[in-house]
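Chains, contacts and geometry: an overview
In case you want the letters, here they are:
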Amino acid sequence: MTKKTESDEKHRYEALSNFRYMLRCFLRFSEDAAREEGITALQYQLMLHTQGFEGRTWASITEIAERLQMQVHGAVALVTRCEEAGLVRRKPSEHDRRQVEVHLLPAARRKMARLAAQHSAQLSALVEAVTLASSVDDGV
(Lines give C-alpha, C1' and ligand atoms only; values in the text may rest on other atoms or scores of the structure.)
Protein backbone atom coordinates (compact mmCIF):
# COMPACT_ATOMS: atom_id res chain seq x y z
CA MET A 1 0.00 0.00 0.00
CA THR A 2 1.30 3.43 -0.91
CA LYS A 3 1.08 6.41 1.35
CA LYS A 4 -1.04 9.24 0.04
CA THR A 5 0.61 12.58 -0.24
CA GLU A 6 -1.15 15.91 0.06
CA SER A 7 -0.66 16.34 -3.67
CA ASP A 8 -2.36 12.99 -4.39
CA GLU A 9 -5.26 13.89 -2.14
CA LYS A 10 -5.59 17.32 -3.75
CA HIS A 11 -5.58 15.72 -7.21
CA ARG A 12 -8.37 13.36 -6.13
CA TYR A 13 -10.45 16.25 -4.79
CA GLU A 14 -9.96 18.13 -8.06
CA ALA A 15 -11.08 15.09 -10.09
CA LEU A 16 -14.11 14.53 -7.87
CA SER A 17 -15.01 18.21 -8.01
CA ASN A 18 -14.75 18.16 -11.79
CA PHE A 19 -16.92 15.04 -11.94
CA ARG A 20 -19.62 16.63 -9.75
CA TYR A 21 -19.48 19.78 -11.87
CA MET A 22 -19.79 17.86 -15.15
CA LEU A 23 -22.59 15.72 -13.71
CA ARG A 24 -24.48 18.85 -12.67
CA CYS A 25 -23.89 20.39 -16.11
CA PHE A 26 -25.31 17.24 -17.71
CA LEU A 27 -28.34 17.27 -15.42
CA ARG A 28 -28.92 20.98 -16.03
CA PHE A 29 -28.68 20.42 -19.77
CA SER A 30 -31.19 17.56 -19.47
CA GLU A 31 -33.59 19.68 -17.41
CA ASP A 32 -33.42 22.54 -19.92
CA ALA A 33 -33.79 20.25 -22.94
CA ALA A 34 -36.85 18.58 -21.42
CA ARG A 35 -38.39 21.97 -20.64
CA GLU A 36 -37.82 23.04 -24.27
CA GLU A 37 -39.83 19.96 -25.32
CA GLY A 38 -42.65 21.05 -23.04
CA ILE A 39 -42.12 18.41 -20.35
CA THR A 40 -40.41 18.20 -16.98
CA ALA A 41 -37.12 16.45 -16.33
CA LEU A 42 -38.98 13.78 -14.32
CA GLN A 43 -41.41 13.21 -17.18
CA TYR A 44 -38.46 12.71 -19.53
CA GLN A 45 -36.83 10.27 -17.12
CA LEU A 46 -40.07 8.32 -16.76
CA MET A 47 -40.37 8.13 -20.55
CA LEU A 48 -36.76 6.98 -20.84
CA HIS A 49 -37.16 4.31 -18.18
CA THR A 50 -40.22 2.84 -19.90
CA GLN A 51 -37.81 1.97 -22.70
CA GLY A 52 -34.91 0.90 -20.49
CA PHE A 53 -35.69 -2.79 -20.04
CA GLU A 54 -34.30 -5.33 -22.46
CA GLY A 55 -36.81 -7.12 -24.63
CA ARG A 56 -39.80 -4.87 -23.95
CA THR A 57 -41.06 -1.35 -24.49
CA TRP A 58 -42.78 -0.71 -21.18
CA ALA A 59 -42.04 -0.58 -17.46
CA SER A 60 -44.07 -1.33 -14.38
CA ILE A 61 -44.87 1.35 -11.81
CA THR A 62 -42.55 -0.40 -9.34
CA GLU A 63 -39.68 -0.41 -11.85
CA ILE A 64 -40.20 3.26 -12.60
CA ALA A 65 -40.19 4.05 -8.87
CA GLU A 66 -36.91 2.13 -8.47
CA ARG A 67 -35.25 3.78 -11.45
CA LEU A 68 -36.30 7.22 -10.25
CA GLN A 69 -35.44 6.38 -6.62
CA MET A 70 -38.88 7.42 -5.40
CA GLN A 71 -41.72 5.88 -3.46
CA VAL A 72 -44.27 3.89 -5.45
CA HIS A 73 -47.07 6.35 -4.63
CA GLY A 74 -44.91 9.16 -6.05
CA ALA A 75 -44.38 7.16 -9.25
CA VAL A 76 -48.13 6.57 -9.50
CA ALA A 77 -48.73 10.33 -9.27
CA LEU A 78 -46.05 11.00 -11.89
CA VAL A 79 -47.54 8.39 -14.25
CA THR A 80 -50.94 10.01 -13.75
CA ARG A 81 -49.53 13.43 -14.70
CA CYS A 82 -47.81 11.89 -17.73
CA GLU A 83 -51.06 10.21 -18.72
CA GLU A 84 -52.93 13.51 -18.45
CA ALA A 85 -50.23 15.15 -20.61
CA GLY A 86 -50.75 12.52 -23.33
CA LEU A 87 -47.31 10.94 -22.90
CA VAL A 88 -48.12 7.46 -21.58
CA ARG A 89 -50.94 5.01 -21.09
CA ARG A 90 -51.39 2.35 -18.46
CA LYS A 91 -52.19 -1.18 -19.47
CA PRO A 92 -52.97 -4.12 -17.18
CA SER A 93 -50.37 -6.86 -17.53
CA GLU A 94 -51.49 -9.94 -19.40
CA HIS A 95 -49.14 -12.07 -17.27
CA ASP A 96 -49.64 -10.66 -13.78
CA ARG A 97 -52.95 -9.00 -12.95
CA ARG A 98 -51.35 -7.15 -10.02
CA GLN A 99 -48.96 -5.36 -12.35
CA VAL A 100 -49.65 -2.28 -14.45
CA GLU A 101 -47.53 -1.62 -17.54
CA VAL A 102 -46.67 1.95 -18.55
CA HIS A 103 -46.39 2.41 -22.34
CA LEU A 104 -45.29 5.47 -24.30
CA LEU A 105 -47.70 7.11 -26.70
CA PRO A 106 -46.51 8.18 -30.18
CA ALA A 107 -46.06 11.87 -29.28
CA ALA A 108 -43.87 10.88 -26.32
CA ARG A 109 -41.79 8.59 -28.54
CA ARG A 110 -41.06 11.51 -30.86
CA LYS A 111 -40.12 13.79 -27.94
CA MET A 112 -37.91 11.10 -26.45
CA ALA A 113 -36.12 10.47 -29.75
CA ARG A 114 -35.28 14.17 -30.07
CA LEU A 115 -34.11 14.38 -26.45
CA ALA A 116 -32.01 11.21 -26.66
CA ALA A 117 -30.22 12.57 -29.72
CA GLN A 118 -29.44 15.81 -27.88
CA HIS A 119 -28.17 13.93 -24.83
CA SER A 120 -25.70 11.84 -26.81
CA ALA A 121 -23.37 14.77 -27.40
CA GLN A 122 -23.47 15.76 -23.73
CA LEU A 123 -22.63 12.25 -22.58
CA SER A 124 -19.10 12.33 -23.98
CA ALA A 125 -18.10 15.19 -21.64
CA LEU A 126 -19.59 13.31 -18.71
CA VAL A 127 -17.75 10.12 -19.67
CA GLU A 128 -14.45 12.01 -19.66
CA ALA A 129 -15.14 13.33 -16.15
CA VAL A 130 -16.10 9.86 -14.88
CA THR A 131 -12.98 8.35 -16.42
CA LEU A 132 -10.74 10.96 -14.79
CA ALA A 133 -12.42 10.69 -11.38
CA SER A 134 -12.28 6.89 -11.37
CA SER A 135 -8.67 6.76 -12.50
CA VAL A 136 -7.36 8.70 -9.52
CA ASP A 137 -5.82 6.25 -7.04
CA ASP A 138 -7.56 6.51 -3.70
CA GLY A 139 -4.78 4.72 -1.89
CA VAL A 140 -6.81 1.63 -1.06
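Analysis parameters
- Residue indices follow the written sequence of each chain, beginning from 1 at its first position.
- Predicted model: local features are reported for residues with pLDDT of at least 70 only, side-chain atom pairs are reported and counted for 80 or more only, and whole-chain, interface and lining totals are derived from all residues.
- To get the side-chain values, all heavy atoms of the structure are used, and hydrogens and water are removed first.
- Numbered from the N terminus, helices here are DSSP runs of H or I no shorter than four residues, and strands are runs of E no shorter than two.
- What the globule rule says is 2.2 Å times the number of residues to the power 0.38, and the radius of gyration is computed from C-alpha atoms.
- Contacts are assigned to residue pairs that have any heavy atoms within 4.5 Å of one another.
- We count Lys and Arg on the positive side and Asp and Glu on the negative side, and we leave His and both chain ends out.
- To locate a charge, take atom NZ for lysine, CZ for arginine, CG for aspartate or CD for glutamate.
- Any residue under 20% of the maximum accessible area for its type is buried, any over 50% is exposed, and the rest in between are partly exposed; the area is computed with a 1.4 Å probe on protein chains only.
- To define a nonpolar core, start from buried Ala, Val, Leu, Ile, Met, Phe, Trp, Tyr and Cys residues and group those joined through side-chain atoms within 4.5 Å.
- Salt bridge, as applied in this entry: a Lys or Arg side-chain nitrogen positioned within 4 Å of an Asp or Glu carboxyl oxygen.
- Two strands make a pair as long as DSSP finds a minimum of two bridges between them.
- Lines fitted to C-alpha atoms define the axes, with helix axes restricted to the stretch in contact, and inter-axis angles between N-to-C directions lie between 0 and 180 degrees.
- Think of a polar contact as two N or O atoms within 3.5 Å of one another; within protein, one of them needs to be a possible hydrogen donor and the other a possible acceptor, and neighboring residues in sequence only count if both atoms come from side chains.

Let us look at the overall build of the protein chain. Each helix and strand counted, the protein chain has five helices and three strands in total. Moving toward the C terminus, one meets the helices and strands of the protein chain in the order α-α-β-α-α-β-β-α. Expected size for 140 residues packed as a compact globule is a radius of gyration near 14 Å; at 19 Å, the protein chain overshoots this value by more than 25%. By its C-alpha atoms, the protein chain is 60 × 35 × 25 Å across when sized along the principal axes. Taking contacts inside the protein chain between residues at least 6 apart in sequence as the whole, the part at least 24 apart equals 57%. Charge centroids of the protein chain, computed over 20 positive and 19 negative side chains, lie 6 Å from each other.

Looking now at the side chain of S60. Along the polypeptide, S60 turns up in strand β1 (residues 58-60). Note on S60: relative accessible area 4%, which makes it buried. The residues contacting S60, other than those within four sequence positions of it, are Q99 and V100.

Counting residues in each nonpolar core, the largest one holds 23 residues, and the members touching the most others are L46, I64 and V88. Counting residues per element, the ones that place at least two in this core are α1 (6-36), α2 (41-50), α3 (61-68), α4 (72-84), β3 (100-104) and α5 (106-135). Filtering out sequence-adjacent residues up to four positions away, V88 remains in contact with L46, V79, C82, E83, V102, H103, L104 and L105.

Turning next to the pattern of salt bridges. Between side chains of opposite charge, pairing is possible as soon as their charged atoms come close. Scanning the model with the defined rule gives nine salt bridges in all. E14 serves as the salt-bridge partner of K10, at 3.1 Å between the closest nitrogen and oxygen. Here K10 and its partner E14 are both found in helix α1, four residues apart, which amounts to about one turn of the helix. In this structure K10 comes out as partly exposed when scored by relative accessible area, which is 47%. The class for E14 is partly exposed, based on a relative accessible area of 40%. In this structure, E31 and R24 form a salt bridge, with 3.2 Å as the shortest nitrogen-oxygen distance. Accessibility expressed as a relative area gives 27% for E31, which makes it partly exposed.

Turning our attention to the sheet that holds β1. Read across the sheet, three strands follow the order β1-β3-β2 without closing on themselves; strand pairing throughout is antiparallel. Each having just a single partner strand, β1 and β2 (88-92) make up the two edges of the open sheet. The mean inter-strand angle of the sheet, taken between neighbouring strand axes irrespective of direction, is 30 degrees. Across five bridges, β2 lies against β3 in antiparallel orientation.

Now for the environment of R35. For R35, the location among the structural elements is in helix α1. It is 34 Å that separates the C-alpha atoms of R35 and R98, two residues lying 63 residues apart in sequence. Side-chain polar atoms of R35 contact the side chain of D32, separated by 2.6 Å.

This brings us to unusual backbone geometry. Phi is positive for Q69, which is not a glycine, with a value near 55 degrees. By secondary structure assignment, the location of Q69 is in the loop between α3 and α4. According to the relative accessible area criterion, Q69 is exposed, its value standing at 64%.

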